[in-house]
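Given next are the chains, with one letter for each unit.
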Amino acid sequence: MEGNQVMVLDHPLIQHKLTLIRDKGTGPKEFRELIEEVALLMAYEVTRDLRLEDVEVETPVGPARCRTIAGKKLAVVPILRAGLGMVDGILKLIPTAKVGHIGIYRDPVTLKAVDYYCKLPEDIEERVIILVDPMLATGVSAAAAIDFLKEKGAGNIKLVCLIAAPEGLEVITENHPDVEIYVAAIDHCLNEHAYIVPGLGDAGDRLYGTK
Ligand code: URA
């Protein structure tokens with residue numbers, strides 16, 4: 001894994017909530033709420049390096065020299081469908097961020113990733129992109145989404161996932177060494193169905209109660 005920074009966010013609140021998320025007894029309502037909360041907490045860390053600039057405001061007592069976020073604008077881009085579960089938590093912290101959407105499936109014949117839906121903010125090249133997907137399993141969808149974002153001009157992409165498999169991390173670090181990766185946990189491996197072990201099961205199904 002050269003080039004990329006892989007950040008494991010081990011804040012106690014993130015780890016505690018991730019444990020509840022993993023538990024198969026956690027139903028869709030609580031699962032959705034917890035994913036949103038963890039995404040919010042992760043966004044706090046992901047935005048740690050945003051640049052600040054000085055401004056002056058008038059408090060009720062007098063002028064105060066303060067700091068405000070400078071320059072770069074943000075976009076949150078979920079990979080459909082499970083990535084949607086992370087968007088609202090991030091928007092609670094960064095309400096002015098734009099939201100793009102990318103839908104990707106793997107062609108059963110060619111096994112290549114195909115994008116079936118894409119709607120991005122027009123000025124994507126000027127924004128820091130927070131690309132979100134709860135599970136970084138094989139890394140194929142995330143790598144394809146990053147390829148796609150780069151084709152559209154995105155230059156500053158941060159990938160944020162709850163749980164990563166070593167296999168997925170390797171795919172991203174090899175293909176996109178410029179992309180910072182933030183995860184709450186790195187699990188053992190993938191099983192024969194490309195599920196992360198122990199993981200949390202199918203994130204989309206658990207979010208939306210489809211199984
Ligand atoms: N997608 C999921 O939702 N879960 C996994 O374990 C792997 C991919």
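Predicted, not measured: the structure shown is a model, and the values here were computed from it. (Residues numbered from 1 in each chain as written. Predicted model: local features only at pLDDT ≥ 70, side-chain atom pairs only at ≥ 80, totals over all residues. Heavy atoms only, no water.)

K.L.:
I'd like a rundown of the nonpolar core, residues and numbers included.
P.N.:
Ile21, Met42, Ile90, Ile130, Val160 and Leu162 are the most contacted members of the largest nonpolar core, which has 38 residues in total. Looking at this core, the elements with two or more residues in it are α1 (12-22), α2 (28-46), β4 (73-80), α3 (84-93), β8 (127-132), β10 (156-164), β11 (180-186) and α6 (203-208). For Met42, the contacting residues outside a window of four places in its chain are Leu9, Ile14, Val160, Cys161, Leu162, Tyr182, Val183 and Ala184. Counting 27 residues, the second-largest nonpolar core is a separate cluster that includes Ile102, Leu131, Leu136 and Ala145. (Core = buried A, V, L, I, M, F, W, Y, C linked by side-chain atoms within 4.5 Å. Buried < 20%, exposed > 50% of the residue type's maximum accessible area, 1.4 Å probe, protein only. Helix = DSSP H or I, 4+ residues; strand = E, 2+ residues; numbered from the N terminus. Contact = heavy atoms within 4.5 Å.)

K.L.:
Explain a nonpolar patch on the surface to me, and be specific about the residues and the numbers.
P.N.:
Residues Tyr105, Tyr116 and Tyr117 make up a contiguous nonpolar surface patch of about 320 Å² in total accessible area. Structurally, the position occupied by Tyr105 is in strand β6 (residues 101-106). Note on Tyr105: relative accessible area 37%, which makes it partly exposed. (Patch = residues over 30% accessible without salt bridge, like charges linked within 9 Å, V, L, I, M, F, W, Y side chains within 5 Å. Areas by Shrake-Rupley, 256 points an atom, 1.4 Å probe, with all protein chains shown as cover. Salt bridge = Lys/Arg side-chain N within 4 Å of Asp/Glu carboxyl O.)

K.L.:
Describe the packing of α1 against α2, naming the residues involved and giving the relevant values.
P.N.:
Two elements in contact, α1 and α2, have axes separated by 10 Å at closest approach and are oriented at 155 degrees. Judged by the inter-axis angle, α1 sits roughly antiparallel to α2. Seen from above, α1 lies across α2 with left-handed handedness. Taken together, the residues of α2 that come into contact with α1 (itself represented by Leu13, Ile14, Lys17, Leu18, Leu20 and Ile21) are Phe31, Leu34, Ile35, Glu37, Val38, Leu41 and Met42. Its residues placed into classes, the contact of α1 with α2 shows 11 nonpolar, no polar and two charged. (Axes fitted to C-alpha atoms, helices over the stretch in contact; angles between N-to-C directions. Parallel < 35°, antiparallel > 145°, perpendicular 65-115°, else oblique. Left-handed = near helix turned anticlockwise from the far one by under 90°. Nonpolar A, V, L, I, M, F, W, Y, C, P; charged D, E, K, R; others polar.)

K.L.:
Describe the environment of Ile157, naming the residues involved and giving the relevant values.
P.N.:
Along the polypeptide, Ile157 turns up in strand β10. The exposure class of Ile157 is buried, given its relative accessible area of 4%. For the pair Ile157 and Asp178, spaced 21 residues apart in sequence, the C-alpha to C-alpha distance is 8.0 Å.

K.L.:
Residues and numbers for the packing of α2 against α3, please.
P.N.:
For the pair α2 and α3, the least separation of the axes is 7 Å and the interaxial angle reads 50 degrees. Judged by the angle between their axes, α2 and α3 are oblique. Handedness of the α2/α3 crossing: right-handed. Across the interface between the two elements, Ile35, Glu36, Ala39, Leu40, Ala43 and Tyr44 of α2 pack against Gly85, Met86, Asp88, Gly89, Ile90, Lys92 and Leu93 of α3. Of the residues belonging to the contact of α2 with α3, the class tally is eight nonpolar, two polar and three charged.

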